[in-house]
Amino acid sequence: MFFRRYKKEFPCAPFYYFEFFPDSFGYGLVLWLYRPSAFKEVHKLILEQPQRWLKAVKACEKAGLTYECRDEYKKDMYPDAPEKLKPYLKAKNMSFVYYCQDMTRINTTGLIDELKKVFDTARPMYDFFIEAYDNMMKSGLINPNDFNRD
């Protein structure tokens, strides 16, 4: 289940999600783009606002979310960047995730309360992603018409 902006007007927008499998469930916050080159706008914002970025990462950690990147640049794109930012500056896409194998929790109202609290606590990262995304939209890196299938 995705919690996101309207897809046709805001393709590739950051989103919160919840998913379940036969033996586990998970949730998190994601920014995945079809064009990895567009993700450089996130890198730019990280470099311009490193303290804000690190506070947003801490907020995700406080929420119980773990950084995950499945697609990275092999080459160091920002050799002069501070070391603590480098893991994030390699990313072509990224997410902050939580997975659980305790399936007894999936059928409780407590899980709904947990999701609300996690998503609220991780809000600084969502706001960071949204700012980068809005910059991509304004600059034309993401154009909703490119994704129109009509």
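Conventions adopted
- Residues numbered from 1 in each chain as written.
- Predicted model: local features only at pLDDT ≥ 70, side-chain atom pairs only at ≥ 80, totals over all residues.
- Heavy atoms only, no water.
- Salt bridge = Lys/Arg side-chain N within 4 Å of Asp/Glu carboxyl O.
- Helix = DSSP H or I, 4+ residues; strand = E, 2+ residues; numbered from the N terminus.
- Buried < 20%, exposed > 50% of the residue type's maximum accessible area, 1.4 Å probe, protein only.
- Phe/Tyr/Trp six-rings, centres within 6.5 Å; stacked < 30°, edge-to-face > 60°.
- Lys NZ or Arg CZ within 6 Å of the ring centre and 35° of its normal.

Draft legend 1. The pattern of salt bridges, seen in detail. A complete count under the given rule lists 8 salt bridges for this structure. As a salt-bridge pair, Lys86 and Asp76 come within 2.7 Å of each other at their nearest N and O atoms. With Lys86 in helix H3 (residues 86-89) and Asp76 in the loop between strand E4 (66-68) and H3, the pair connects residues that are 10 residues apart, well separated along the chain. Since its relative accessible area comes to 12%, Lys86 is described here as buried. Here Asp127 makes a salt bridge to Arg123, at a shortest N to O gap of 2.7 Å. Here Asp127 and its partner Arg123 are both found in helix H5 (residues 123-139), 4 residues apart, which amounts to about one turn of the helix. Arg123 sits in the partly exposed class, given a relative accessible area of 44%.

Draft legend 2. Representation of the packing of aromatic side chains. Tallied over the entire structure, the rule returns 13 aromatic pairs. Taken together, a centroid distance of 6.3 Å and an interplanar angle of 80 degrees make the contact between Tyr27 and Phe119 edge-to-face. Remark: Phe119 occurs in helix H4 (residues 109-121) and Tyr27 occurs in strand E3 (residues 25-31); sequence separation between them is 92 residues. Look at Phe119 and you get buried, because its relative accessible area is 13%. By way of ring pairs, the aromatic residues Trp53, Tyr67, Tyr88, Phe96, Phe128 and Phe129 are connected into one cluster. The aromatic ring of Tyr73 is capped on one face by Lys92, whose charged end is 4.9 Å from the ring centroid.

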